[in-house]
Each structure stands twice: as structure tokens, then as C-alpha cells.
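A structural walkthrough
If you want the building blocks of each chain, they are given just below.
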Amino acid sequence: MDKEDMEAKDVEIYDERLLAEEAEDICRWAAARAGVIVVAPIVGSMTLMANEVYMIIRLGKVYGEDISEGAAVGILGSLGAYFVGSTLTTLIPFPPLQVPVAVGTTYALGKVVTRWLQDGKPDDMEQFKQLYSDSLEEAKCNLDVFKENPRKEAPLGDEKKNYKL
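Presented here is a report on the structure given in the accompanying data block. (Residues numbered from 1 in each chain as written. Predicted model: local features only at pLDDT ≥ 70, side-chain atom pairs only at ≥ 80, totals over all residues. Heavy atoms only, no water.)

**Here's the deal with helix H5 (residues 95–118)**
Because an α-helix completes one turn every 3.6 residues, residues spaced three or four positions apart along the sequence face the same direction. Its 24 residues place the ends of H5 34 Å apart at the C-alpha level, agreeing with the 34 Å of an ideal helix rising 1.5 Å per residue. With 18 of 24 residues buried, H5 is to be regarded as a mostly interior element. In the stretch just after H5, Gly 120 is the one whose phi turns positive, near 85°. (Helix = DSSP H or I, 4+ residues; strand = E, 2+ residues; numbered from the N terminus. Expected span 1.5 Å × (residues − 1). Buried < 20%, exposed > 50% of the residue type's maximum accessible area, 1.4 Å probe, protein only.)

Pasting the structure below:
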């Protein structure tokens, strides 16, 4: 490998790292936002889904993919009962339970979507379940980091939209 090839490879690695950092920032922002909106009476769960849809769309943009709102909802649905079951827990009106679940679920979803995009959008989402579980636990263990996110009050998109799986 000559010097020019090495430099091109270094630029590629640098670009991949920048994309990964931008994706991580979006995942953290969306998770922090989830912790704020989940406790809103009545609209919390609808707003939470809108937050997740917009996170998916933004992650797609990071990786040069134009993900429509419908496709984002489809991604949520493709994660099946595993994701939906966690999300339903946020309906229990008890903030000490709602916040960690909303933050963890949103962060884990973001990590799965990021990997899915990096891997070329494979059809089988089953392979990402362990990443989802690991990311969910990581978020719950680092809840204070998300609570301190300075962008937690800023919506990722129109949170008034009502998405259904």
C-alpha cells in the first residue's frame, strides 16, 4: 500500500468516526428528549413515538439515506414485540419507571438503527436484539448523562404527529 492509499484509508476511517459521533449525538439527544416528554400527561406516548420516528429519519440523513416517516414507523414495527413491549411500559404513570424505560428504549433503538444503516439495511432485524438489550442497559446505567443533555428540551421534529404501529 502506497502513501496515497494509506492517506485515503485514513480519511475514510476519519469520516466513519465522524458519522458515528454524529449518530451517537442524535441518539443521546433523542433519548434525553424521551425522558422529558414521556411524563407529559396523555400525550407522552404519542409524542414519544414521534420523537423516535424523527430520530430514525435524522439517523438516515447522517448515513445518506432518505427514510420517510412511513419507513421509520415500519422500522419500529419490524422490531416487533421486543421493542413494543418496552415502550408500553411507559404508559404506567410513574416517572421513576417511565423515564428510565423511555430513555433506554429510545437510546437502544437509535443504536440499532445506526448499526442497521452501517450494515447496509439488512432485512433481518433479529440480529440486532443483543445490541438493543446491551444499549438499553447502558442507557439505564447512565441515566444522569441523558438527564443533563442540554438539548433535551428541543424537539427533533413535529411531536404533535400521531404515528401508529
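There is more to say, and it comes next.
**Points about the side chain of Arg 33**
Residue position: Arg 33 is located in helix H1 (residues 3–37). Judged by relative accessible area, which is 8%, Arg 33 ranks as buried. Sequence-distant contacts of Arg 33, that is, excluding residues within four places in its chain, are made with Asn 51, Lys 152, Glu 153, Ala 154, Pro 155, Leu 156 and Glu 159. (Contact = heavy atoms within 4.5 Å.)

**Some details on the packing of aromatic side chains**
Across all of its chains, the model carries one aromatic pair by this definition. Over the aromatic face of Trp 29 sits the side chain of Arg 151, whose NZ or CZ is 3.9 Å from the ring centroid. (Phe/Tyr/Trp six-rings, centres within 6.5 Å; stacked < 30°, edge-to-face > 60°. Lys NZ or Arg CZ within 6 Å of the ring centre and 35° of its normal.)

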